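# Secondary and tertiary structure notes
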Amino acid sequence: MSNSNHHTDHATLAEKFNRDEARVNWHDETLWFIRQKRDRAAWSLGNEWEPLRETASAIKAHTLSNLSDYLQQFEKAAQQNGITVHWAADGEEHNRIVHGILAKHNATQLVKSKSMLTEECHLNDYLKEKGVEVIDTDLGERIVQLAEEHPSHIVLPCIHWKKEEIGELFHKHLGSPEGVIDPSFLTNTARVHLREKFLTRRVAITGVNFAIAETGEFVVCTNEGNADMGAHLSDVHIACMGIEKLIPKREHLGVFLRLLARSATGQPITTYSSHFKKPREGQEMHLVLVDNGRSTQLGREDFRNSLKCIRCGACFNTCPVYRRSGGHSYHTAIAGPIGSILAPNLDMRQYKDLPFASTLCGSCSNVCPVKINIHEQLYQWRQVLTEEGYQPKSKTVAMKAMAATLSKPSLFSIAGKWGRKVMGLVPGLVSNRLNPWYKQREMPAPPEQSFTEWYKQNRKGGKS
Amino acid sequence: MRVGLFIPCYVNQFYPQVGIATLQLLEKFGCEVDYPLAQTCCGQPMANSGYESLTGNCNELFTKNFSSFDYIVCPSGSCVLHIKEHLHSAKDRTAATAIRRNVYELTEFLTDVLNVDRLQAAFPYKVGLHQSCHGQRGLHLSQMSELVAKPYSKPERLLNMVEGLELIELDRKDECCGFGGTFCVTEEAVSVKMGKDRVRDHEAHGADYITGADMSCLMHLQGILKRQGSKVQVKHIAEILNAQ
Amino acid sequence: MSSRDAILQKVKAAQPSLLPLPSIEKQPREVDAVKQFQAVLESIGGKVVFLNAEESIAEKTVALFPEAKRIVSSITAVQNYFFSDYKSLRHHSLQDVDVAIIEAQFGVAENGAVWVTEEDLKIRVLPFICEHLVAVVDSTTIVATLHEAYERIGASAYGFGAFIAGPSKTADIEQSLVLGAHGPKSMTVFLLH
């Protein structure tokens, strides 16, 4: 479904989403509820919270400034632990590497826990084409997979689905009784369905939340336990991570794990924080390090800090635009405010609309556990998109006209005067359906006098 | 104390009463106020649309207009934030730097510079305060609900000095109204939905008036209120602080 | 050039000059760690049972789970249920375990988590595949925060380690919390004191 969204922009998709206002209200309130849980979790740490964000941000800044060394340190340590390390320059190479490992083991089936990186690389589609069956095991991801969709949220993949619809989906695909919508029952249906997959698949893919340069281990966080069920029962465990997931030392996990779940869902910690250091005896463990544009973003000074992201999704939940436009309106694997500053790095043409899908209200930057200046980067991307010629010509013409008018006080006062007069005389000229302002809003009533005109009449300094 | 009055372009054209209230308020507190007649716009509409590169002339004009004042005061957090963050002048760098430092939004000027602790104003209505994002999150006029930090609010503090005024509580005290400059037309559907939700919050808590430190947000909310035929009205905070 | 070298070269060219690594500031906490641990664990769906030295872990488990058909333990001291054949055991065969009893090294008050490693578990999948999980923790080991937790873990060697905080859960369907997504439907911590 969201695949077909590639050819249209956020505003158009958001308008479609808004045709069902009751559903928008429901979506907004569900996510606001999570924002409130996040607030309570943050306050529970009292005066530790803000310094913790500061520390996390600084650790990430340091890591990014020494990333090439840390990557090599990590690789060496991981290899000593018995992990096979692979390097992929882009999504295509990542997918080829994963498929290569599968082919070596003659595996045509696998289970996968949540990994936004594999979404970013479109691994599922790639493997499907190669005849490999991928079963997503995170409940939310399994739901969108059965529906042939993509996640609409990086932490809550099916936040846009209602239980009635999930009931119907499970009835169709998993044979649950028709009309059953109880979340416990539906979850148990998925549990039974997926347990069989865990027990029979020999290969498991997981994502990575943090990788430790010092020890060569990586940490995967879930609430469901699906990453562990997959990895521990598999003969081959493949973990996929972006190169920005590194942190220098194990003790730094204390900082990040305190922030992650509190920011994401308001929990004090995820149910499982699993530290994978060595393969199980007899098991093969692979780790794929993926660049896919990250080194380019690292070189963009204004946007470098976006690589600090730990994928908590707090900026989604707080974003008033995201809550009212839905994840699919962003037509990219990582939606929301953070996605809007990551995506243009990958493809400016395709994602030129995303930095404009924001009011620049700044709430995202305030909830970010690693203090990414998201709204400032949105502003900055707008400037870059103009510079690189990705703005529509008509907009550039209009902006130039505006700049010319505002540069000349005499022109501005004439334009203002005529504008107000014309609005008063011919209200239909601006108050019509072609004016997007007027569609659902009245225009302000034009006053007789501008402030400048009043000032000239009423204050000494105004006599020119 | 010489104060340069900076009136946003759309306030000048559409809401002259807000400029008048601001001027009168500053005069009441003994400021020597001058309004440079040659002012137009801070350049924010272009900059936020991605055309900061076109704001050079606006910047030079602004610098020229306001270089001679001790303070520059404006009844808009958004325009002040833009000047603070983006005003640069090739011709007079020193003046531009000084302006960035000395430009104030009205309520922060009244609070932090004039140290106002008493007002001669009356407004016997239930009032909901809309926290405009640029004033709040940009200029820190009020504490932000995302942060674990002590609450305060400069506009609220001033409103509480107004006789008869009753401030209402909101469910979401600092959610964006969806105006967002050109966002209000390029993302019309979401913009309006955000505005409708803000309006509903104020209405549900019995507001007679919605006020705020940014007329642009209020203009957006006013457009929605009028279309809905609501009795709730908008009023810029300067008008309330100046109300007799 | 290999992708590895190309990536490293690109990263090196792109990264800014070295920024300092901050030290982690730990604020001392005046809390009753055991009390907080219990309160937090219960708030995330776990249970706490206090156990005296003379009380039997096995008996207590049976009393709590009278219906359980298969109970296994990775604690050698819990003799009746210890899976002495764990080295040859096919891990998938644990799928019908009703209750697993494991020993955790310590607990964390601020989040209700317990720390376990492969050494404690013997089989990695054990605490995930069982229907109900019992974790035995000495109450004197509870630390206040994750910072102290990692101080305690230090540079210790393990193949696999995990913080486990409560039963497996999901809220993917309309944010309704359901316990027992893929892993245990309940987690009970036996606090020894």
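Residues numbered from 1 in each chain as written. Chains lettered and ligands numbered in written order. Predicted model: local features only at pLDDT ≥ 70, side-chain atom pairs only at ≥ 80, totals over all residues. Heavy atoms only, no water.

### Some details on the interface of chain B and chain A
Every contact between the two is made by 73 residues of chain B and, on the other side, 79 residues of chain A. The junction of chain B with chain A conceals about 6,500 Å² of combined surface from both sides, 59% of it contributed by carbon and sulfur atoms. In this structure, Asp-197 of chain B and Arg-324 of chain A form a salt bridge, with 2.6 Å as the shortest nitrogen-oxygen distance. Summed over the shared surface of chain B and chain A, the number is 38 residue pairs in polar contact (both at pLDDT 80 or more). A total of 10 residues in the side of chain B that touches chain A trace back to one element, the largest contributor, which is helix H11 (residues 188-204) of chain B. Looking at side-chain class alone, the side of chain B that touches chain A contains 36 nonpolar, 22 polar and 15 charged residues. (Contact = heavy atoms within 4.5 Å. Buried area = accessible area lost by both parts, 1.4 Å probe. Salt bridge = Lys/Arg side-chain N within 4 Å of Asp/Glu carboxyl O. Polar contact = N/O pair within 3.5 Å; in protein donor to acceptor, adjacent residues only side chain to side chain. Helix = DSSP H or I, 4+ residues; strand = E, 2+ residues; numbered from the N terminus. Nonpolar A, V, L, I, M, F, W, Y, C, P; charged D, E, K, R; others polar.)

### Digging into the nonpolar core
Membership of the largest hydrophobic core comes to 155 residues, with the highest contact counts inside it found for Phe-218 of chain A together with Phe-163 of chain C. Take this core: its biggest share by element is 7 residues, from helix H12 (residues 253-264) of chain A. Look past the residues within four positions of Phe-218 of chain A in its chain and what remains in contact with it is Ile-83, Thr-206, Val-208, Phe-210, Ala-211, His-237, Ala-239, Ser-274, His-275, Phe-276, Met-285 and Leu-287 of chain A. (Core = buried A, V, L, I, M, F, W, Y, C linked by side-chain atoms within 4.5 Å. Buried < 20%, exposed > 50% of the residue type's maximum accessible area, 1.4 Å probe, protein only.)

### Quick word on the sheet that holds strand S3 (residues 71-74) of chain B
All names here are of chain B. Pairing is parallel across the open sheet formed by 4 strands, whose spatial order is S2-S1-S3-S4. Only two strands of the sheet have a single partner each, and these edge strands are strand S2 (32-34) and strand S4 (103-105). Looking at each pair of strands side by side, their axes are set apart by 35 degrees on average, direction ignored. Bridge count for strand S1 (residues 2-5) against S3 is 3 bridges, and the pairing is parallel. Bridge pairing links Val-3 to Tyr-71 in S3. Sheet strands touched by helix H5 (residues 77-86): S3 and S4. Its angle to S4, the strand with the most contacts, is close to 155 degrees. (Pairing = 2+ DSSP bridges. Axes fitted to C-alpha atoms, helices over the stretch in contact; angles between N-to-C directions.)

### So, the packing of aromatic side chains
One pass over the structure, following the stated rule, counts 30 aromatic pairs over all chains. Seen from their ring centres, Phe-451 of chain A and Tyr-455 of chain A are 6.0 Å apart, and the 40 degrees between their planes marks the pair as tilted. A residue pair is termed a helical-turn pair when its members lie 3 or 4 positions apart in one helix, as Phe-451 of chain A and Tyr-455 of chain A do in helix H22 (residues 451-458) at 4 residues. Judged by its relative accessible area of 0%, Phe-451 of chain A is buried. Plain terms: the ring middles of Phe-128 of chain C and Phe-160 of chain C are 6.4 Å apart, the flat faces sit at 70 degrees to each other, and that makes the pair edge-to-face. Of the two residues, Phe-128 of chain C is situated in helix H5 (residues 126-129) and Phe-160 of chain C in strand S7 (residues 160-164); the sequence distance between them amounts to 32 residues. (Phe/Tyr/Trp six-rings, centres within 6.5 Å; stacked < 30°, edge-to-face > 60°.)

### Considerations on the side chain of Asp-28 of chain A
Turning to its location among the elements, Asp-28 of chain A is positioned in helix H2 (residues 21-44). Take Asp-28 of chain A: its relative accessible area is 1%, and that puts it in the buried class. Aside from chain neighbours lying at most four places away, what touches Asp-28 of chain A is Arg-323 and Arg-324 of chain A together with Arg-172 and Asp-197 of chain B.

### With respect to the interface of chain C and chain A
When the parts of a complex come together, some accessible area is lost, and that lost area is often taken as the interface size. With 70 residues of chain C at the contact, the number on the chain A side is 94 residues. The contact between chain C and chain A buries some 6,700 Å² in all, and 59% of this surface belongs to carbon and sulfur atoms. With its nearest N and O atoms 2.7 Å apart, the salt bridge here joins Arg-4 of chain C to Glu-75 of chain A. Our enumeration of links across chain C and chain A arrives at 42 residue pairs in polar contact (both at pLDDT 80 or more).

### Concerning the sheet that holds strand S6 (residues 132-138) of chain C
Residue and element names in this part refer to chain C. Taken together, the 5 strands give an open sheet; going across it, the order is S1-S10-S6-S3-S2, and neighbouring strands pair in parallel fashion. Of all strands in the sheet, those bounded by a partner on one side alone are strand S1 (47-51) and strand S2 (71-73). Between one strand axis and the next, the sheet turns by 20 degrees as a mean value, whatever way the strands run. Relative to strand S3 (residues 99-103), S2 runs parallel, the two sharing 3 bridges. Bridging across to S3, Ser-73 finds its partner in Ile-101.

Shape is all these values report; function is a separate question.
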